[in-house]
Amino acid sequence: MAPYETDDSTDAGEVEDLRPGRRRAARYIVPVTVVGVAAATIGLVPALADSGDPNLPKVTAQQLLDKIAKSDVQQLSGTVKISTDLGLPDLGGLESSMLSGATKSGDGSSADPSAKLTELATGTHTLRVAADGPDRQKVSLLENAAEYSLIHNGKDVWGYDSKSNEVYHGTTAAGGAKSDETRATPKGLTDEALKSVDDTTSVTVDGTEHVAGRDAYKLLIKPKQSGTTVGTISVAVDARTGLPLKFTLTPASGGAAVVDVGFTQLSLAKPAASTFDFKTPKGAKVTTEDGATKATPDHAAPFGGHGKTDKGLGKGADEPTVIGKGWNSIATFDTGGQGVPTGSSAGGGDLGGFLGSLGDQVKGDFGKGTVFSTRLVNALVTDDGKVYVGAVTKSALVKAADAAK
């Protein structure tokens, strides 16, 4: 970690770029890029602010970062509100169609966490959250007359969609330390954010605020590099425990926040053990991590099967190659020659053609391609199947593709 000055001067640091896992099919590039943003943002377990600013002792950015690093909040429960404005069209119908087709063919489940998280890419959502150490967490997405719950209890991970009465069952890695679910704890995800601190970022303390009834400091993070789409990141940090309580990301283009997430209610008391229990509802279809499905009997005994234990939920087959540094980092991978169709098939039910119609056609030394843009993440898919994704401008993606040629 880079050194920090001891007064209010600008400090140095870097927040790691959001890196999506490798996805072979170019037709998924739009939902994949935005899901990575939403999932990583939720990880900081932020909170909404109350009115008024508390009078707290002065601290430096380094002291506040140290406080976050030493935070050991293991137990909490509350309600979280997440608002995401990536400048995308409403993908709800498209996602439902994709998921419905996959489920009917036996290739997916509406209770699969990797599919459900796409809903957080647009609009405003309410979550109920609870945690009791690294081995027990629960997140429930509240919907109109329905609820989706994701429960991690020991080695088991359960997803349940009440609307479709479908269950997803997977397992974590040994001990759960490296599973995707343990990264969703406040301590774990804050640690991930602090790993990236270096000289590409300005980090300062920007006053105080009340968050979910608690006194908090505001940590302000700004890129020093040009070419990134990230403007500022503001994190409210609990003055007593060091727990991050609020996360707001504003794009370099200005306007409303791209992501604004936070607790509307928060308790640091130990949740009841029953919070993390799960019993398969009557008649529910259960899909295991390895893709097997079965219907549960009416007596609905707890599902006791286990999926494969050597892979995390939602993890891609290969990690992308990362080029560039800091905020200008770009993840790149090869789809194997599968570009994005851009012809008249867009109106004929061809998902690839539809996505192609949403992008901008570009060309350079690399050849031709399509750039899909949001207010934060941009992705270039070349006609020969190369993909470049990052929180950078379109011109930066073209330059990266040219340099790689």
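Overview of the structure. (Residues numbered from 1 in each chain as written. Predicted model: local features only at pLDDT ≥ 70, side-chain atom pairs only at ≥ 80, totals over all residues. Heavy atoms only, no water.)

1. With respect to the overall build of the protein chain
Reasoning step 1: Scanning the protein chain for helices and strands turns up seven helices and 21 strands.
Reasoning step 2: Looking at the protein chain as a whole, 49% of its 405 residues qualify as buried.
Reasoning step 3: Of the accessible surface of the protein chain, which amounts to about 18,000 Å², a share of 50% is contributed by carbon and sulfur atoms. (Helix = DSSP H or I, 4+ residues; strand = E, 2+ residues; numbered from the N terminus. Buried < 20%, exposed > 50% of the residue type's maximum accessible area, 1.4 Å probe, protein only. Areas by Shrake-Rupley, 256 points an atom, 1.4 Å probe, with all protein chains shown as cover.)

2. Regarding helix α2 (residues 61-70)
Reasoning step 1: For α2, every residue scored as buried is listed here: Ala 61, Gln 62, Leu 64, Leu 65 and Ile 68. For α2, the angular spread of the buried residues around the axis is 160°, confining them to a single face. (Arc of directions from axis to C-beta.)

3. Considerations on unusual backbone geometry
Most peptide bonds are trans, and most residues other than glycine sit at a negative phi.
Reasoning step 1: A positive phi angle is found at Ala 145, which is not glycine, with a value near 55°.
Reasoning step 2: Mapping Ala 145 onto the fold places it in the loop between β5 (136-143) and β6 (146-153).
Reasoning step 3: Judged by relative accessible area, which is 90%, Ala 145 ranks as exposed.
Reasoning step 4: Within the chain, Ala 212 stands out as a residue other than glycine whose phi angle is a positive 50°.
Reasoning step 5: Position of Ala 212 among the secondary structure elements: in the loop between β9 (201-211) and β10 (214-223).

4. Some points on the pairing of strand β19 (residues 367-373)
Reasoning step 1: Judged from the five bridges that link them, strand β18 (residues 360-364) and β19 form a sheet pairing that is antiparallel. Within β19, the position partnered with Val 362 by the bridge is Gly 369.
Reasoning step 2: What sits between β18 and β19 in their antiparallel hairpin is a turn of two residues.
Reasoning step 3: Sheet topology note: the β19/strand β20 (residues 378-382) ladder contains five bridges and is antiparallel. Residue pairing across strands places Val 371 opposite Leu 380, the latter belonging to β20.
Reasoning step 4: Hairpin connection from β19 to β20: four residues lie between these consecutive antiparallel strands. (Pairing = 2+ DSSP bridges.)

5. A closer look at helix α7 (residues 394-404)
Reasoning step 1: Of the residues making up α7, those classed as buried are Leu 397, Val 398, Ala 400 and Ala 401. For α7, the angular spread of the buried residues around the axis is 160°, confining them to a single face. Set apart from the buried face of α7 by more than 90 degrees, the exposed residues are Lys 399 and Ala 403.
Reasoning step 2: As for α7, its buried residues are in contact with β16 (321-323), β17 (330-334), β18, β20 and β21 (386-390). (Contact = heavy atoms within 4.5 Å.)

6. Things to note about the sheet that holds β18
Reasoning step 1: Across the sheet, six strands lie side by side as β16-β17-β21-β20-β19-β18; this open sheet has antiparallel pairing. One side of each edge strand has no neighbouring strand; the edge strands of this open sheet are β16 and β18. Across the sheet, the mean angle from the axis of one strand to that of its neighbour is 25°, orientation sign disregarded. (Axes fitted to C-alpha atoms, helices over the stretch in contact; angles between N-to-C directions.)

7. Remarks on the pattern of salt bridges
A side chain of one charge can pair with a side chain of the opposite charge if their charged atoms are brought near each other.
Reasoning step 1: Taken as a whole and assessed by the stated rule, the structure comprises 10 salt bridges.
Reasoning step 2: Its salt-bridge partner being Lys 325, residue Asp 199 comes within 3.4 Å of it at the nearest N-O pair. In this pair, Asp 199 sits in the loop between α5 (186-194) and β9 while Lys 325 sits in the loop between β16 and β17, placing the two residues 126 residues apart along the sequence.
Reasoning step 3: Overall, Asp 199 belongs to the partly exposed group, its relative accessible area being 48%. (Salt bridge = Lys/Arg side-chain N within 4 Å of Asp/Glu carboxyl O.)

8. A closer look at the pairing of β6
Reasoning step 1: In this structure, β5 lies alongside β6, joined through eight bridges in antiparallel fashion. Paired with Leu 141 across the two strands is Tyr 148, which belongs to β6.
Reasoning step 2: Connecting the antiparallel pair β5 and β6 is a turn made up of two residues, with Ala 145 showing a positive phi of about 55°.
Reasoning step 3: In terms of strand pairing, β6 meets strand β7 (residues 156-161) through six bridges, oriented antiparallel.

9. Observations regarding the environment of Ala 269
Reasoning step 1: Topologically, Ala 269 is positioned in the loop between β13 (259-267) and β14 (285-288).
Reasoning step 2: Sequence separation of Ala 269 and Asp 132 is 137 residues, and the distance between their C-alpha atoms is 9.4 Å.
Reasoning step 3: Once you skip the residues sitting within four places of it in the chain, Ala 269 turns out to touch Gln 75 and Leu 76.

10. Digging into the side chain of Thr 370
Reasoning step 1: Here Thr 370 lies in strand β19.
Reasoning step 2: By relative accessible area, which is 0% here, Thr 370 ends up buried.
Reasoning step 3: Of the polar contacts made by the side chain of Thr 370, one reaches the side chain of Gln 361; its length is 3.2 Å. (Polar contact = N/O pair within 3.5 Å; in protein donor to acceptor, adjacent residues only side chain to side chain.)

11. A closer look at the nonpolar core
Grouped burial of nonpolar side chains is what soluble globular proteins tend to show.
Reasoning step 1: Core analysis: the biggest nonpolar cluster contains 52 residues, and Leu 76, Leu 127, Leu 219, Ile 233, Leu 245, Phe 263 and Leu 376 have the highest contact counts within it.
Reasoning step 2: Contacts of Leu 127, omitting those with residues within four sequence positions, involve Gly 78, Thr 79, Val 80, Ile 82, Leu 120, Val 139, Ser 140 and Leu 141. (Core = buried A, V, L, I, M, F, W, Y, C linked by side-chain atoms within 4.5 Å.)

12. As for the packing of aromatic side chains
The geometry of an aromatic ring pair comes down to the distance between the two centres and the angle between the two planes.
Reasoning step 1: Enumeration over the complete set of coordinates arrives at two aromatic pairs.
Reasoning step 2: An angle of 25° between the planes, with centres 5.0 Å apart, marks the rings of Trp 158 and Phe 278 as stacked. Placement of the pair is Trp 158 in strand β7 and Phe 278 in the loop between β13 and β14, with a sequence separation of 120 residues.
Reasoning step 3: The class of Trp 158 is buried, set by a relative accessible area of 7%.
Reasoning step 4: Ring geometry for Tyr 160 against Phe 278: centres 6.2 Å apart, planes inclined by 55°, an arrangement best described as tilted. Here the residue Tyr 160 occupies a position in strand β7, and Phe 278 occupies one in the loop between β13 and β14, the gap between them amounting to 118 residues.
Reasoning step 5: Looking at Tyr 160, the relative accessible area reads 17%, which means it is buried.
Reasoning step 6: Phe 278 sits in the buried class, given a relative accessible area of 18%.
Reasoning step 7: By way of ring pairs, the aromatic residues Trp 158, Tyr 160 and Phe 278 are connected into one cluster. (Phe/Tyr/Trp six-rings, centres within 6.5 Å; stacked < 30°, edge-to-face > 60°.)

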